[in-house]
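Structural overview
Residue-level listing of the chains:
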Amino acid sequence: MSDLSDLYQDVILDHYKRPRNRGHLDDTDHQADGQNPLCGDHVTVFVKVKDDRVEEIRFAGSGCAISTASASLMTETVKGKTLDEAKAFFRKFHDMVTGSQEVDHGDGLGKLEVFSGVCQYPVRVKCATLAWHTLDAALENREEPVSTE
Amino acid sequence: MSLITPTTARVEASVTDEAFDAEELRRDFPALQQSIGDEPLVYLDNAATTQKPSSVIDAIGRFYREDNANIHRGVHQLSIRATDGYESARLKAARFIGASRPEEIIFVRGATEAINLVAQTFGRVHIGTGDEVLISHMEHHANIVPWQILCEQTGARLCVAPINDRGELILEEFERMLGPRTRLLSIGHVSNALGTINPMERIIALAHERGIPVLVDGAQAVPHMKVNVQALDADFYTFSGHKAFGPTGIGVLYGKHDLLQKLPPYQGGGDMIASVTFEKTTYNAVPHKFEAGTPHIAGAIGLAAALDYMDAVGMERIAQYESELLAYATHALLSIPQVHLVGTARNKAGVLSFTIEGVHPHDAATILDQQGVAVRAGHHCAQPVMQRFNVPATIRASLAFYNTTEEIDALVRGIQKVIEVFN
Ligand SMILES: Cc1ncc(COP(=O)(O)O)c(C=O)c1O
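Residues numbered from 1 in each chain as written. Chains lettered and ligands numbered in written order. Predicted model: local features only at pLDDT ≥ 70, side-chain atom pairs only at ≥ 80, totals over all residues. Heavy atoms only, no water.

**Notes on the confidence of the model for chain A**
Definition in use: Scored from 0 to 100, pLDDT reflects the predictor's confidence in each residue. Only DSSP runs of H or I reaching four residues or more are called helices, and only runs of E reaching two or more are called strands; each is numbered from the N terminus.
On average, residues of chain A carry a pLDDT of 88, and 91% of them reach 70 or more. The least confident element of chain A, judged by mean pLDDT, is helix H1 (residues 4-7) of chain A at 72; the most confident is helix H3 (residues 65-78) of chain A at 96.

**Quick notes on the sheet that holds strand E5 (residues 132-136) of chain B**
Residues and elements named next belong to chain B. Here is the rule we go by: The rule for pairing is simple: two strands pair if DSSP sees at least two bridges between them. Axis lines are fitted to C-alpha atoms, over the contacting stretch for helices. Their N-to-C directions set the angle, which ranges from 0 to 180 degrees. Any pair of residues with heavy atoms lying within 4.5 Å of one another is described as a contacting pair.
The sheet built from seven strands is open, its strands ordered E4-E10-E9-E8-E7-E5-E6 with mixed pairing. Two strands close off the open sheet at either side, each with one partner strand: strand E4 (105-108) and strand E6 (157-161). Averaged over all pairs of adjacent strands, the angle between their axes in this sheet comes to 20 degrees, without regard to strand direction. Note: strand E8 (residues 214-217) against strand E9 (residues 236-240), three bridges, orientation parallel. For Val216, the partnering residue across the bridge sits in E9 and is Tyr237. Running over the sheet, helix H6 (residues 145-154) touches E5, E6, strand E7 (182-188) and E8 and is turned about 145 degrees from E6.

**Quick look at the packing of aromatic side chains**
Note the threshold: Aromatic contacts are taken between Phe, Tyr and Trp rings whose centres are within 6.5 Å, Trp giving its six-membered ring; a plane angle under 30 degrees counts as stacked, one over 60 as edge-to-face, and the others as tilted. Each residue's exposure class comes from its accessible area (1.4 Å probe, protein chains only) as a fraction of the maximum for that residue type: buried when under 20%, exposed when over 50%, partly exposed otherwise.
The full count for this structure, using the stated rule, is 17 aromatic pairs over all chains. Both rings, one in Tyr16 of chain A and one in Phe422 of chain B, keep their centres 5.6 Å apart while their planes meet at 85 degrees; by these two values the pair is edge-to-face. Highlighted residues: Tyr16 of chain A in helix H2 (residues 10-17) and Phe422 of chain B in the segment after helix H15 (405-421), drawn from two different chains. For Phe422 of chain B, a relative accessible area of 8% gives the class buried. Their ring planes at 70 degrees and their centres at 6.2 Å tell us that Phe29 of chain B and Phe245 of chain B sit as a pair that is edge-to-face. Of the two residues, Phe29 of chain B sits in the loop between helix H2 (22-26) and strand E1 (35-36) while Phe245 of chain B sits in the loop between E9 and strand E10 (251-255), which places them 216 residues apart along the sequence. Overall, Phe29 of chain B belongs to the buried group, its relative accessible area being 0%.

**What about H2 of chain A?**
For clarity, the threshold we go by: To obtain the arc, one takes the directions from the helix axis to the C-beta atoms.
When we look at burial in H2 of chain A, the residues that qualify are Ile12, Leu13, His15 and Tyr16 of chain A. Projected down its long axis, H2 of chain A carries its buried residues within an arc of 165 degrees, all on one side.

**Details of the side chain of Thr366 of chain B**
Formally: Here a polar contact means two N or O atoms within 3.5 Å. Within protein one must be a hydrogen donor candidate and the other an acceptor candidate, and residues neighboring in sequence count only if both atoms are side-chain atoms.
Assignment of secondary structure puts Thr366 of chain B in helix H13 (residues 361-369). Here His362 of chain B takes part through its backbone oxygen, which lies 3.0 Å from a polar atom of the side chain of Thr366 of chain B. Setting aside residues no more than four positions away along its own chain, Thr366 of chain B makes contact with Leu7, Tyr8, Tyr121 and Arg124 of chain A.

**With respect to the pairing of E5 of chain B**
Residues and elements named next belong to chain B. We count it as follows: Clockwise travel from the first strand over the helix to the second, with the strands pointing away from the viewer, marks a crossover as right-handed.
Counting buried positions along E5 gives five out of five residues, so the element sits mostly inside the fold. Of the two faces of E5, the one lined by Glu132, Leu134 and Ser136 and the one lined by Val133 and Ile135 are each fully buried. The pairing of E5 with E6 spans five bridges and is classified as parallel. Following the sheet pairing, Ser136 is matched in E6 by Ala161. Chirality of the crossover, the property in question, places the unit of E5, H6 and E6 among those that are right-handed. With three bridges connecting them, E5 and E7 associate as parallel partners. Following the sheet pairing, Glu132 is matched in E7 by Thr182.

**A few points about helix H8 (residues 200-209) of chain B**
Residue and element names in this part refer to chain B. Taken together, the buried positions of H8 are occupied by Met200, Ile203, Ile204, Leu206 and Ala207. Relative to the axis of H8, the buried residues are bounded by an arc of 160 degrees and lie together on one face. The outward face of H8, more than 90 degrees from its buried face, is lined by the exposed residues Glu201 and Glu209. Elements that come into contact with the buried residues of H8 comprise helix H7 (171-177), E7, E8 and helix H9 (229-232).

**Things to note about the interface of chain A and chain B**
Stated formally: The buried area of a pairing is the accessible area, by a 1.4 Å probe, that goes missing from both parts when the two are put together, added over both. The salt bridge criterion pairs a side-chain nitrogen of Lys or Arg with a carboxyl oxygen of Asp or Glu, the two atoms within 4 Å. Classification used: nonpolar for Ala, Val, Leu, Ile, Met, Phe, Trp, Tyr, Cys and Pro, charged for Asp, Glu, Lys and Arg, polar for all others including Gly.
Between chain A and chain B, the residue contacts involve 20 residues of the former and 18 residues of the latter. Of the roughly 1400 Å² buried between chain A and chain B on both sides combined, carbon and sulfur atoms contribute 60%. The shortest N-O distance in the salt bridge between Asp363 of chain B and Arg124 of chain A comes to 2.8 Å. Where chain A touches chain B, the interface holds ten residue pairs in polar contact (both at pLDDT 80 or more). The set of elements that each furnish at least two residues to the side of chain A that touches chain B consists of H1, H2 and H3 of chain A. Take the side of chain A that touches chain B: its biggest share by element is three residues, from H2 of chain A. Here the residues of the side of chain A that touches chain B sort into 13 nonpolar, three polar and four charged.

**A closer look at the pattern of salt bridges**
Counted according to the given criterion, the structure contains 30 salt bridges over all chains. Linking Lys79 of chain A and Glu56 of chain A is a salt bridge whose minimum nitrogen-to-oxygen distance equals 3.3 Å. Pair noted here: Lys79 of chain A is in the loop between H3 and helix H4 (83-97) and Glu56 of chain A is in strand E3 (residues 53-62), with a separation of 23 residues, a long-range link. For Lys79 of chain A, a relative accessible area of 35% gives the class partly exposed. Its salt-bridge partner being Arg81 of chain B, residue Asp67 of chain B comes within 2.7 Å of it at the nearest N-O pair. Of this pair, Asp67 of chain B sits in helix H3 (residues 54-67) while Arg81 of chain B sits in helix H4 (residues 77-96), and the two are 14 residues apart along the sequence. Through salt bridges with shared partners, one network takes in Asp14, Arg18, Arg20, Glu76 and Lys111 of chain A.

Here you go:
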């Protein structure tokens, strides 16, 4: 059994207690809701896109430390990135937390690597990916709320 | 089949004076003998399912090794033994909950199937457009959704009796909701999310005064207290084997004999018929009419072993011990300032639903798990209860008679660790 600190790293706890980019964005072109019915976590992601880049991003909602910190770190990561770059982050992040790929420290996930321990907790993978799935839906303008179930 | 003569003076009467030895009883449960990482397993998820004593595991093994055959139609020895084991289990279950005859026991998959069965047989016959089904605000989804389905099919209305801030049914309001159109009251004996023990006798009497039949969901009651369906005067009563130290996939629906006789069958198939031609089929007698197809024979036999086990320990002693353990645990949790109990009914079974300030229940459960403490976090299949108390989820520690005060201490240490991590 892995050590607690593998999952609840300081960076995660910090982003849970002091989430970055939390709040609403008015008149955004991209917005989506996501929920994890199992935990009762829910998140709304607001994105402003300009010239194919994430100009501004916020999230609202409530959830566990893993889902909140993931949303917070996600907003920091994708802000200013092109849409293709954002999607590439999602793919890599997803592979890392589902354990389908060993993280290679050079592959540019940066701070997001604090979530690498999640792959040992299969029931928590949904918490870590909720915000990302929701961002994806927002960028694709999907109307249906995202559900991890 | 014969009427059951009440078996007088069980062992329990003579042993009540003896101290209850949970440590000793634990040894009968192989799954409790393990460690999670470096920590001994502290299993506090008994409301979800209980662990099984060796006698249950052995009974199932023995059946498959020695007696396995299909029941009722065979003339060979194995079939006779299998039929005997299955029907003895029915008799055992009838005695255990105080039914007046074994035909009143229908084997089902569990409480969920039992409630669906009542909804689709009793409900389809007796509940129509404009009629009402009354439940309470503390029900498990298993006692909500089957009624919503029925209401959709029939145009009936689902009414919900409110609960107070302690998580108790508000009796005056409840009484007022027993109206002229109420055709059935379906209510939990003990709440799985809050631990509330409902005053069942009183509730049933109030319903019967108005001629309203009552289905009791006893999934959380039967494993923890002495239940007598005749003393309660319940019309239907159900419980799940797996929450009562028995196997999964088997449960009991009790129904009063005359009520059952008048009901249409639930599913069609083998065993539930007396004769079949393409023109006309006549149904078998109660309870077989409700048991289409090959039932879970091994499950019934395992359940009987579980009921034997509980009988040997004694339900009164179990209830007494668990109530002392609950008092100990409640006191211990309340001594942690960041902990808030959800569900503080004055009459309560061994369920501790709580939240920890600043910590999401799922994070708490993960950290507790790393210390070997198995609890549940979530809505416990009772989302309306969560909404009532305005929490997205709770952490739930639920007790069985094999839990000890040392395990409660481990839970408390675990919670302190959770608070430390999140501080
Ligand atoms: C009060 C109550 N009713 C019904 C059920 C459903 O039981 P089962 O899933 O065994 O059918 C449960 C199980 O959690 C329960 O706690």
